[in-house]
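Inside the fold
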Number of protein chains: 2
Amino acid sequence: MVKNMKKNDVKESKFDSKMKMVYSFEEGNKDMKNLLGGKGANLAEMTRIGIPVPPGFTITTEACHLYYENNKKFPIGLKEQVDENIKILENKMNSGFGDVKNPLLLSVRSGAASSMPGMMDTILNLGINDTVVQTLINKTKNERFAWDTYRRFIQMFGDVVMGVPHHDFEVELQKIKDKRKVHLDTELNAADLKELVKNYKSLVLKVTKKSFPEDPRTQLYMAIEAVFGSWNNPRAIAYRKLNDITGLKGTAVNIQAMVFGNMGESSGTGVCFSRNPSTGENKFYGEYLMNAQGEDVVAGIRTPKHIEELQKQNPQVYNQLVEIKNKLENHFKDMQDMEFTIQEGKLYILQTRNGKRTAQAAVKIAVDMVNEKLIDKKTAILRVQPESLDQLLHKQIDPESKKKASLIAIGLPASPGAAVGRIVFNAARAEELSKKEKVILVRTETSPEDLIGMSVSQGILTARGGMTSHAAVVARGMGKCCVSGCQDINIDEKNKKLTIKKKNVVLKELDYITLDGSSGEVFNGKLPLVDPKLSGDFIKLMKWADEFRKLKIRTNADIPRDARVAREFGAEGIGLCRTEHMFFEGDRILAMRQMILATNEIERRKALAKLLPYQKADFIGLFKEMNGLPVTIRLLDPPLHEFLPKEKKEIEELAKALKVDPKWIAQISEALHEVNPMLGHRGCRLGITYPEITEMQVQAIMEAACELKKKGIDVKPEIMVPLVGKVEELKNQKAVIQKVAGEIMKKYNVKIDYMIGTMIEVPRAALTADEIAQEAEFFSFGTNDLTQMTLGFSRDDIGKFLPEYLKNNIYDKDPFAVLDQKGVGQLVKMAAENGRKTRSNIKLGICGEHGGEPSSIEFCHRVGLNYVSCSPYRVPIARLAAAHAALKN
Amino acid sequence: MVKNMKKNDVKESKFDSKMKMVYSFEEGNKDMKNLLGGKGANLAEMTRIGIPVPPGFTITTEACHLYYENNKKFPIGLKEQVDENIKILENKMNSGFGDVKNPLLLSVRSGAASSMPGMMDTILNLGINDTVVQTLINKTKNERFAWDTYRRFIQMFGDVVMGVPHHDFEVELQKIKDKRKVHLDTELNAADLKELVKNYKSLVLKVTKKSFPEDPRTQLYMAIEAVFGSWNNPRAIAYRKLNDITGLKGTAVNIQAMVFGNMGESSGTGVCFSRNPSTGENKFYGEYLMNAQGEDVVAGIRTPKHIEELQKQNPQVYNQLVEIKNKLENHFKDMQDMEFTIQEGKLYILQTRNGKRTAQAAVKIAVDMVNEKLIDKKTAILRVQPESLDQLLHKQIDPESKKKASLIAIGLPASPGAAVGRIVFNAARAEELSKKEKVILVRTETSPEDLIGMSVSQGILTARGGMTSHAAVVARGMGKCCVSGCQDINIDEKNKKLTIKKKNVVLKELDYITLDGSSGEVFNGKLPLVDPKLSGDFIKLMKWADEFRKLKIRTNADIPRDARVAREFGAEGIGLCRTEHMFFEGDRILAMRQMILATNEIERRKALAKLLPYQKADFIGLFKEMNGLPVTIRLLDPPLHEFLPKEKKEIEELAKALKVDPKWIAQISEALHEVNPMLGHRGCRLGITYPEITEMQVQAIMEAACELKKKGIDVKPEIMVPLVGKVEELKNQKAVIQKVAGEIMKKYNVKIDYMIGTMIEVPRAALTADEIAQEAEFFSFGTNDLTQMTLGFSRDDIGKFLPEYLKNNIYDKDPFAVLDQKGVGQLVKMAAENGRKTRSNIKLGICGEHGGEPSSIEFCHRVGLNYVSCSPYRVPIARLAAAHAALKN
């Protein structure tokens, strides 16, 4: 092996045997995470500030990197440096590694620069063998401890290093427990454990065809190599991918003198947090077990005790621990998650790190620590993950009840929160029943016709459609819980039945179900919900975020109620009002349908005249709510066939109402049918073929604006032309808008400060933004459609292949949830730059679903957009994410 | 007015009164077209080389430009320069403009740098008035001539300059003819014409409330202004748009001494061509009328005589004309289109220009002129418009019969050629009847199920779908005539009836219709067709084109027959073989459907195994035809639901054949349904979710290749993965392909030199071409889909708004026919550049419909693609277009 290395050494100067690959704890500090890993750096730091840490040293992440570069062989010089440090450690501990008189045992633990809890390997009690175990017995006079330590070592080393399945060891352990008729490990005596050691060794030989290694140094090298190897085990790779951990060199290896929590009842081990990680309360929190090693606390066979009990059991150690946790929190300026061991009454800290916490705790701890002058506002803001706020804004299923509940299906977590109600299978029934009952609307998929039914339901469950399906988008807009694309459920609307074959469950109308829109889970029956709490700390943190962010936050809202909610959450304008959502209620839909069925312009204008007062009243409502703030109104966007009824009964009703032949309606429906409606006759294509539609909408907007302005309300309409791909389209619609707007302002003798702009949602628009900016005063990136067209993914159909794509790592994330920065983002960046080249003060925003997603918001900040717009319930998340983006960039 | 101009003069230095705005014919030459217009430059050139041209001068296009710049007022100095030149002309002609003794009459004619025949205005006989007419009578002793000239002038000036409707003059003329009971103008005598002059003047006064201007100079200025004005009349603007004429400054104005063809029977006028513009035959060709002015020849009241008759009537003039046409053709080195006038036996040439010609004539003339050493090969190539070759490759309706035929509807010219046959309304009936009858398949729209029906029909007529609809694409591939999107026809398939309400026409099954796929016309009944002729000249010209072009030309072909046709037309490989077209015949579709209905991989593999031998046999056929040339095979692309039957009867048949419940088929169909299939589960998404499909296809390709190679056939397969948007997709499929290909080559012990590449048809692929080129050995731009996604236009649905878009000048051309260079082209260019940056030798081609369209081919040449691929019948067009591109760039 050394020969090979020498060969490599000639070629690659980085295989420098003089490179320092091992640092004793005294040589490191907390800022050396990249080199020593998080655990190693913090062990060094604790050593440096006088915390009782068992002495030891760290093999660098760089050494791990070289190991892989060197075709999985130790880099030259590593063994020598390890041996050197072992010697120092032996001196320090006044013992010898493998020494038959005073043996040194070691722990060997992984630790990368980023925390990857439980992903990589650890070996404790290394250095023990048939000779050493006897010495241990002689020295400690604790035969049980010695054999317990030995059997633990074989079990861990056999599993982690030699690849004997963990389960096989468990079987052996269970056999001996059964033989002894005992339940707990601690009930086994020294002889039992000695027998177990023998059995374990036979097991290892049988499985691996190799004897268990007796030589401590061989054990050590094998353990180091195993830890290196664990860096690239599948679960570690998956974890890094999932958590976007990139750019790391490898794992460090921490080698430390063992301290023993299993030396009897005055020994023990535990885990504690400097504050409550669940509530954030500034109160010491933790668990411990006496006469145990680390793995026993998590194994769950014995129930650990609450840390407060230690105060009674060993007040001295408890007080020391409190002192240490205070010192560490003050030192690291964050809530600490610590591991400790008590060896015969003496306290050792084995690890400290910043503790994971719930969203509620994150907010409270961040704000408290600013109040305690421990951290500044910027740090506090960065301590709270924007996405996590979602938990705080919606109802949740009571966590305790959820554990015992009957999970019947899992769909996509389409709109967060939780909902309980009785099943209904259509929108009309939802409307009817919702007057006296809480209902859940269950549909194969929803369409705009279901809008009112959705609004009166507690939650929505669909069998089809993705995270950006109609159901999902509308539900998020309403802040209503939704589980979409739940493929396992089969809906028989006619017979009012819902079947889940896999679970042998059949539910009928009015049966109760409970939805968790944050996880996609569907439960049978009625689970208790807990209300969201918006604490004062939350509001304070939001205000701090506002001080730092550069991006404005707007909301997507179509009705005054949503606008009000969003404004309460801090929205600074409406970034997207979808006017078509206004056309579905009551008489409106009739007039809309009459317009669509018109065979000439005169009939069409007649029907549009009926719609005008409705639209105007809607805009008056929105403008009032948003007094002083801009309101971006998108002109009619969806294809007209979406407004026509599909069911025979409805068609007949419509025919009756309009006094026409039902066949005629069917014929028009057929004529309007499109193969790919997404790429069809919609958006500005409607306004260009039927300018009278644009005229009516502009009239409604401007009349509303003029009337309110006369009453002293500050109205800032921004009229947005959808689906523009070529500047000529915008020119065409702009002429119509300007003509009508001019006429209305003249009629009212009022000047409204309005803007005309366009969606950038067709790739061609992004590619020719320089030209389009000649006509547009603002761009709003419609990244939903832009993603559909740039990727060629219909969001309604993506469910057929996206799961396979995610599984095969073709996409990391659903590109409709997280902006595809390389593809779609490239177009956004190009359009932003070229748009500004033409019109330096052009206003740039985003109104796709990505406007509420933190990584996408950071992208928007980086390319210099002016605002993001998102659904009302994501406004706080966007505010915080925008602050993060500003602070990070 | 002069005051105003002075004011402008101060501001704008270009209003320089010293600028030369008028050139006498002696001052110009043929290379001054931009300044003098085509007519003016050629008049000057003819003057220069001694052709008898009536003297005159030209007002520059620059003067016209200044006229518009100067808010439609004459630029300073223009009148003075005109007056000066009039003086010179008076001297030359020994007469005076408005002179009562020896009056000079003028013609005032427009003429831009590009020929815009008939689009702009002309005034003849200018300078005549009540006094001058008397002088003319005295001088010529020809009273009839004098009054005829006067009435002609009032009629033309009144119409063109003063805006009196042409029709009103016709009414007056008719009145007097009726009164005299004569039929021809020439039958009116001097007194009649004198009376007509009086009546015309009253008419002008009545309509315009102004007297007809008597002052010749006023007449002249008004005429010049009218010609300037005609530059921007709507039809001239439309003509320039239609013919892509841009960058011109305006029209020139040619002012010339009048010569009179209406001075009696020794005078006359005519139009002639130096060669036959219809056949290209090198034979003098033309028409003339004695005692007439130019407009009489085209008016059609008197039938002009063939030019050969002039030889008998006036051999001297005839011989002089022949001499002149020879001189002009030799001088301009192109077939000339000339106007001449004979004034009392003396010949004058009024105009010469390069003559318009049919495609057949263009080819013959170009090749003849090279043989005559008049032009070189490059010039010959550029003389033939690539698009025009289409006429030569397909049957045409006999032009004479067409004139008298009953046109019942006009659709889109989806696939050129002509077809006659009996109407059938479905594919099955087409198959059945085609055995004894020629049939035309008439459908609302076609689908892949209609494939065989289409192949046995003479032509296809659809009521829906654009130029790139299924019907259009397939028909072009088959070289079969197709009229698509014929909105006026209403098809009642059930009752086997076709109704055209507008024309009150109802046709039944087996009635005859005739289609013209080159014009989109549909005729009632059976019209005679004429066969295409591929002359030796054509083949010669094609070979010359091949010498100059840089682009390779491939073809889109799915079956051996198409491949053979394309190879005969000069295709250098297959650029696109759509494997799905192979799945529709006979038992294949059954196996295909079995595969789709499979519920697990094992069943799917069973069905695929049945398809394997068919695919393999198909590839053997194609590879044999293309021996030595590359064959690009696209893996399965369309969504699976396209292969399932839709009609109840067919579903039942399938259920019976597969021994399953029809409900089950309906359920699968329903589950496969997509909202936007274009953006759905298709392309490589199929191969990724069902790798066994890719495996079967690669097995078929490689087994075919190996077997043929063993027989000494040179096979060059290029396996193409469709719809890639992200390099990971290609990586995934490449792994499958390489694995199977390796296994097959090992099995046969043959090494096949194959390539793996991808379509670039998703915008994201173009945007990330640098990454994709890491895996792809070639890119083929699928500009059909790339256009759909970049523009957001579904080609199946574009008919709903494209007509309005073209009408409103939002798009100039259907972007599916002519590549949108600014939008889609930008992506192509970007991908070509970035692809080459990653892999310098990457092979780049295009296989969308644009690959056969000349302006798009020029674009492909400019961005440096290696080849274009088009349907077999467009291969010659592409060869010539590629040569044009190379010679022009």
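Above this text is the structure in question.
Since this is a predicted model, take the numbers as computed values, not measurements.

1. A closer look at the sheet that holds strand 18 (residues 490-492) of chain A
Residues and elements named next belong to chain A. Here three strands make up an open sheet; going across it, the order is 18-19-20 and the pairing antiparallel. In the strand order of this sheet, the two ends are held by strand 18 and strand 20 (505-508), each with one partner. For this sheet the average axis-to-axis angle between neighbouring strands, irrespective of direction, equals 20 degrees. Note: strand 18 against strand 19 (residues 497-500), three bridges, orientation antiparallel. Looking across to strand 19, one finds that Ile491 is bridged to Leu498.

2. Quick notes on the pairing of strand 22 (residues 521-524) of chain B
Bridging between strand 12 (residues 406-410) of chain B and strand 22 of chain B involves four bridges; their strand directions are antiparallel. Among the inter-strand pairings, Ile410 of chain B is bridged to a residue of strand 22 of chain B, identified as Glu521 of chain B.

3. Brief notes about the relation of the copies chain A and chain B
After a rotation of 179 degrees and a shift along the axis of 0.2 Å, chain A superposes on chain B with an RMSD of 0.4 Å. The relationship between the two copies is best expressed as a two-fold rotation axis. No C-alpha of chain A lies nearer the rotation axis than that of Asn676 of chain A, which sits 2.1 Å from it. A share of 100% of the interface residues of chain A reappears at the interface of chain B, consistent with the copies meeting face to face through the same patch.

4. What about the sheet that holds strand 26 (residues 630-634) of chain B?
All names here are of chain B. Read once around its circumference, the closed barrel built from eight strands follows the order 24-25-26-27-28-29-30-31, with strand pairing classed as parallel. For this sheet, the mean inter-axis angle between neighbouring strands, taken without regard to orientation, is 25 degrees. As judged from the three bridges shared by strand 28 (residues 755-760) and strand 29 (residues 778-781), these two strands associate in the parallel manner. Opposite Ile760, over in strand 29, you have Phe781 as the bridge partner.

5. Digging into the pairing of strand 25 (residues 574-578) of chain A
A regular strand places its side chains so that they alternate between the two faces of the sheet. All names here are of chain A. Most of strand 25 sits inside the fold, with five of its five residues counted as buried. Relative to strand 26 (residues 630-634), strand 25 is paired through three bridges, and the arrangement is parallel. Bridge pairing links Cys577 to Ile633 in strand 26.

6. As for the packing of aromatic side chains
A ring pair, where both rings are aromatic, is described by two values, the distance of the centres and the angle of the planes. The final tally for this structure, using the stated rule, is 46 aromatic pairs over all chains. Plain terms: the ring middles of Tyr805 of chain A and Tyr811 of chain A are 6.5 Å apart, the flat faces sit at 15 degrees to each other, and that makes the pair stacked. Note on Tyr805 of chain A: relative accessible area 0%, which makes it buried. Each ring, one from Phe583 of chain B and one from Phe643 of chain B, has its centre 6.3 Å from the other, and the planes form 75 degrees; the classification is edge-to-face.

7. A few points about helix 20 (residues 470-478) of chain B
Since the α-helix advances by 3.6 residues per turn, residues separated by three or four positions end up pointing in the same direction. Residues and elements named next belong to chain B. Across the nine residues that make up helix 20, a large majority, eight, are buried. Listing the buried residues of helix 20 in full gives Ala471, Ala472, Val473, Val474, Ala475, Arg476, Gly477 and Met478. Next to the buried residues of helix 20 lie strand 13 (412-415), helix 19 (451-456), strand 16 (459-462), strand 17 (481-484), helix 22 (560-568) and strand 25 (574-578). The first or second residue beyond helix 20 is Gly479, which carries a positive phi of 70 degrees.

Parameters at a glance
- Residues numbered from 1 in each chain as written.
- Chains lettered and ligands numbered in written order.
- Predicted model: local features only at pLDDT ≥ 70, side-chain atom pairs only at ≥ 80, totals over all residues.
- Heavy atoms only, no water.
- Pairing = 2+ DSSP bridges.
- Helix = DSSP H or I, 4+ residues; strand = E, 2+ residues; numbered from the N terminus.
- Axes fitted to C-alpha atoms, helices over the stretch in contact; angles between N-to-C directions.
- Least-squares fit on C-alpha atoms with pLDDT ≥ 70 in both.
- Contact = heavy atoms within 4.5 Å.
- Buried < 20%, exposed > 50% of the residue type's maximum accessible area, 1.4 Å probe, protein only.
- Phe/Tyr/Trp six-rings, centres within 6.5 Å; stacked < 30°, edge-to-face > 60°.

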